[in-house]
Structure formats: structure tokens, C-alpha cells
Amino acid sequence: MLQLRQIIKFFADRAIFSGIDWHIRPTDRIGLCGENGAGKSTLLKMLAGLVEADSGTLQVAKGTTFGYLPQDGLEHRGRSLFTEVQGALEELQAMERELHLLETKISTDHSAVEMERYAELQQLFEQRGGYRMESEVGQVLHGLGFSRDDFNKPCETFSGGWQMRIALAKLLLQRPNLLLLDEPTNHLDLPARDWLEDYLLAYPHAVVLVSHDRFFLDKVVSRIVEIWNGDLTEYPGNYSKYIRARDERVAALKVAKRQQDEEIARIEAFISRFRYQANKASQVQSRVKQLKKVERISLPPERKKISFTFPTPPKGGRMALELCQVSQHYGGLKVLQNIDLQVEQGERVALVGPNGAGKSTLMRLLAGVEASVEGERKEGHNLHLAYFAQDQAGELNPTRDVYGELSADSPVAMVPKLRNILGAFLFSGDDIEKRVKVLSGGERNRLALAKLLLRPANLMLLDEPTNHLDLQSKQILLDALNNYQGSIVFVSHDRYFVDELATRVIEVGGGRVESYLGNYEDFLRAKQRFGDSSHSIERVEQHTQQATTERPLDKETRRQAHAERKEQQRREQKCQRQLADIEKQIEQIEKQLAELEQIMAAPDLYQDQERWRQVSGEHIGLKEQLDVAYQHWEELQEPA
């Protein structure tokens, strides 16, 4: 349906694309990946016709329609939410208006021509879903997190994140042949992300998207296109398969490049040695031409192995923090009502629920920055608390540079790690010398999070810590939090992050909280056992009414599910340790084989028959050991 041929695009003197060729098929599900600044958003804009290539051609099949969702900058005003979104179905609305007009005419004048036109138009209107138009608008709005009370609100009353949801709703209803989405999950909570995953899986046309949500990419896309060094490389499968395939490809490229470098060095050595010998002139010229024809192998950038660890937290009591019969009201709005919540030492508690359910309110109550109207907040013994709010960036000093702001309150022991931490949060090179006041909103949030994580605390309260982080930075943060020895309560709309970190899920909604042992996947499974699919990622249709809160599983069942998951994790960890051991063994055997083969390559070895038999026997023995080791390695790779 769309083809790029030899596309070249420059920004200043840097080639973003250097003669790329690419083909998009009618039902493709493609995720664009690459380092920041590689050209992902530029490519989306080029496909949408918003950016022109410097050279090359973009061929589009006749009848192809485009829908493009940028990361930000959209605003809707002047109409109610429902009217604005329904406006995306302009063609159906025009048909509906014509039908009403024809109905009026036919009632007074039984014209055969008008009656025939009415019958044709009515049939077409029905085929295109005109009679389901309002219902479909309602389903999409509900799926993206809007309540029925929002339908008549003016669009200008919605904030930036909700403005992007309005734009996304309109695009989904228009159903273009090619849907181009730049970070569509940025402003979506977990239920809305789950709904969007299902919608895109059932979408009948092509989708190309950029996302920093690993679970979303794994669920939705069937092909990854990596942008690097002005070129595109395709990988079949989802993001997790891409990571494995990319590592294998880079390893193979390294081997090929080493061999190529050795061959080039050998040729260059010949040229240098015989350049001025007349009897070798033709051979030298032949090798010079050979060198010119060599297509040099270039390696993708090494992914820096950045990591950091938190300061050792002060020891605290078994109970870190507790809320007893706490209620929070804002005027007549009862956000939380008589809730009890205990956070024990070492727990990783995820708060989940739709936007507006009260997650951030609960975080503020836990942090003690907001007083409840009823109930009591009890701190555990020797509590040292660190709180990251969604507006934490407002606490930064605008006059300092990035490095100065991070180092201002840093413990002495953490100073040597500051540059690594800044790198993990996407500050490198000259970025660390930027003044805080010139940073973008996303950069300020990242700096605020990096600063918070330096403080020794035994309880961290993190409200949306993964906002504005790319996939690599999220993984670095996740690894650090998994190694952190204190307790964590967090809110995140990144499904992979929640699944990998949480040991307990607290569902917030309807003024109440319900606790579920395990991660988000365990939580979904528990909800589904009682027929509640309000969070399910496997539901086919979205209910248009608000889901009712179901009773949680009994404690014993939840403990059992948690124990099963922990046992599975222990088995996987044991398997990983065995894999590491066998890979180390294989590496050692291969090293010994290489050394023996060097010895066997020496001509004088064959003069000593006894020595030859000894070396040959060792070589055969090592090869057998290597075969056994590889067989064991393959067995460990097989799924249990």
C-alpha cells in the first residue's frame, strides 16, 4: 500500500535517512525503534505527508487514507466532547443529514427519484454502520477512559493528556488505511492501554507506531523496524523477539567485522610491502582495487551498560506505614472512604485504577503532604520516606545546571556515580551543563526523579516515575528498584514495569481499596475468576457502562497464587544460573580448543609422533566435552 524508494533526508549536515527502501503492507503492525534522535518521529511525519524527503520517492496506493497522532500539541475547543469526537464521522453525518432532508421531502412529495435515492442512501448508511454511530463513539470514549458525565463537557475543559485522548478517539473512529501513532500510550492509564491494545489488534488496516511501552509493543506489533545510522533494519516479531534477534545479529556482525578487518589489514600489509617493487606492480594494483570494492561493515552503537544502586536504606520496623480508617473528601466528592492500608518492610506495592480513581490522592496521604478528613496515618519505626509526585519538577532550582542540581543534595558516597545516573536518565555530554530553567518539561521530570533516588530512604513513594523515560531508561530504573532493599509504593501506567516490580497490587476505585498478592498479571487473573473483565487485556468488546467492583479472592487463594508465582521465579532463576555456568564452561572449552589448534598448526608438531598423539587426543576429548555442553545448553533453553 505504501513504498519508500531511496529516501534521503538531512537535518543540517546530518543524514537522518541515507537512501532507505521500505514497504508497508495493508495489514502490517509495525513498531519503530531506535535511539533518541534516530528519526522515528521524522519517519512518521514523512509517512503522514507533514515532512518532505530531500530526495527519493514515496509511492502510495490509490485510495490510501492516513491518520497521524503526534506526541503533543493538539487542542480541541468550541464543541462538547461527544460532538467533537462524532465529528470524525463527517461522511456518515452528512449522509444522515441528507436522509433527514429526504424524509421531509418524501412526506410532502412522493417523488420516485427521491424515494429511490432515499432507499440507496439508507442501505449505504446501514452498511457503513451509521445506525451504530453514536454507540461506537460511546464505546471508544469509554475505552479511552472518559465517563458518561464527560460527554457534554466543552473540550477546552480537558487537560493536555485528555486532549490527546480526544485526538486518538477521532482517529480510531475514522479508521484510516494507515494509522500512524507517536507515543499513543503516553497519557493513558492501564485500563485504557489494555483497551487500546485490543482495539489495535482487531484494527483492519495497517498500523505504524512509536512507543516506549515494552508490554504494549509486545502485544500489538508483529514487526519491528530499527532506525540507525540513516538506515532501516527489519526484525519479524514483537519487541522481546527483536531484542534477542538484534543481539544475535550484532554478535554475528562483530565476528564478520573482525574477519573483514583482518583481511583488510593483510591486504594493506601486502600493498605496503610491495608497493615499490616493479615485478609486483600488477598484484599491488589488483589489491588496491579490491580494497576500494570492499563494503565496510559498520556496527550498531553499543548499548551502554549503565546501572546504579540506591544507598543502603536505614533499618526500620516490620510495618513501614499504615493508614487506619482514612477518608478524603473534596467538597461533595468522596474520593476515599474509610480505607485501611498497611505497607510492610520490603514490599513493592502498585496502585492501579483508572485516572481520577484516587491513586495520587492516596499517595499524598501516604506521604503525609496532605491531611485526611478522617482517620489516622501511622509511621513505622525509624521511617525515612522519599516521595516523588507528578509535579516534583517544580522543586528544582532553576538557576543551577543539571549536574549541579543533582550533586547539591547528593551523599558523598554517590558522587562518583552521578554521571552514570544522569546517563541513565538521558542526560549526557553537554546536556549536564544545561541550566534547569531551559529544560523541557520531560527533562525536568527526569532530573527530579534522578535527584530523589539519591536520598537514603527505607520507603519510596513514586507517582508515575516512568513518565518521559525511554525503554532503556525504564529498564535501568527497574533493575535498580528490584535491587533496592527498602519498601516501594508506586503508580505506573507501564504494564511491563508493574509486572516486573510489584509484589502486591492495590486496586483504587469507588472510594475503596482492594488488595491482591502478586503482580498485575496475577491481579488480572484474580479479577477474571470472578467474571470482572474491567481490566482484562483479553476482552473482545468493551462494556460501555462503568464496571462494578467485584469481591477479591480469599486470602488463602491469593497466597497460593503468589507462592506458585514465586516458585516459578525460583525455577527460572535456577535455570538462568545453570545457563550462565554452562556458557562459561563452553567459553573455556572453546578457548582451550583454540589454543590447541594453534599448537596443531605448527609444522614441527608432526615430527614428534608421541606429542602429536597426545595433542590430537586432547583435541578430540575437548570436542566431545563441547558437544555435551552445547546439548545441555540447548536443553536449558527449551521452555519448561
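Now for a description of the structure that goes with this document. Please read all numbers here as calculations on a predicted model, not as lab measurements.

1. What to know about the pairing of strand β6 (residues 178–182)
With 5 of 5 residues buried, β6 lies mostly within the body of the structure. With burial as the criterion, each face of β6 is covered, one bearing L178, L180 and D182 and the other bearing L179 and L181. For β6 and strand β7 (residues 206–210), the ladder comprises 5 bridges, and the chain directions are parallel. Bridge pairing links D182 to V210 in β7. Crossover β6 to β7 through helix α7 (residues 190–201) is right-handed.

2. A short note on the pattern of salt bridges
For the structure on display, the rule yields 28 salt bridges. Between E234 and R223 there is a salt bridge, and its shortest N-O distance comes to 2.5 Å. Of this pair, E234 sits in strand β9 (residues 231–236) while R223 sits in strand β8 (residues 223–228); the two residues are 11 residues apart in sequence, bridging distant segments of the chain. On the accessibility criterion, E234 (39% relative accessible area) is partly exposed. Shared partners join several salt bridges into a network, and the residues in it are R25, D28, R223 and E234.

3. Structural notes on the sheet that holds strand β11 (residues 333–344)
Each strand in a sheet pairs with another by means of backbone hydrogen bonds, the pair being arranged parallel or else antiparallel. Ordered in space as β11-β10-β13, the 3 strands form an open sheet in which the pairing is antiparallel. Pairing within the sheet leaves two strands with one partner each, and these edge strands are β11 and β13 (374–379). Strand-to-strand twist in this sheet, taken as the mean axis angle between neighbours without regard to direction, amounts to 10 degrees. One ladder, built from 5 bridges, connects strand β10 (residues 319–330) with β13; its direction is antiparallel. The residue bridging L323 from the neighbouring strand is R377, located in β13. Each of β10, β11 and β13 touches helix α11 (residues 359–367); the most contacted strand, β10, lies at about 125 degrees to it.

4. Some thoughts on the packing of helix α6 (residues 160–174) against α7
Viewed as axis vectors pointing N to C, α6 and α7 meet at an angle of 20 degrees, and their least axial separation amounts to 12 Å. Relative to α7, the element α6 is oriented roughly parallel. The chirality of how α6 crosses α7 is left-handed. Contact with α6, carried on its side by R165, L168, L172 and L173, involves A192, W195, L196, Y199 and L200 of α7 and no other residues of that element. Here the contact of α6 with α7 is composed, by residue class, of 8 nonpolar, no polar and 1 charged.

Criteria and thresholds
Residues numbered from 1 in each chain as written. Predicted model: local features only at pLDDT ≥ 70, side-chain atom pairs only at ≥ 80, totals over all residues. Heavy atoms only, no water. Buried < 20%, exposed > 50% of the residue type's maximum accessible area, 1.4 Å probe, protein only. Helix = DSSP H or I, 4+ residues; strand = E, 2+ residues; numbered from the N terminus. Pairing = 2+ DSSP bridges. Right-handed = clockwise from strand over helix to strand, strands pointing away. Salt bridge = Lys/Arg side-chain N within 4 Å of Asp/Glu carboxyl O. Axes fitted to C-alpha atoms, helices over the stretch in contact; angles between N-to-C directions. Contact = heavy atoms within 4.5 Å. Parallel < 35°, antiparallel > 145°, perpendicular 65-115°, else oblique. Left-handed = near helix turned anticlockwise from the far one by under 90°. Nonpolar A, V, L, I, M, F, W, Y, C, P; charged D, E, K, R; others polar.

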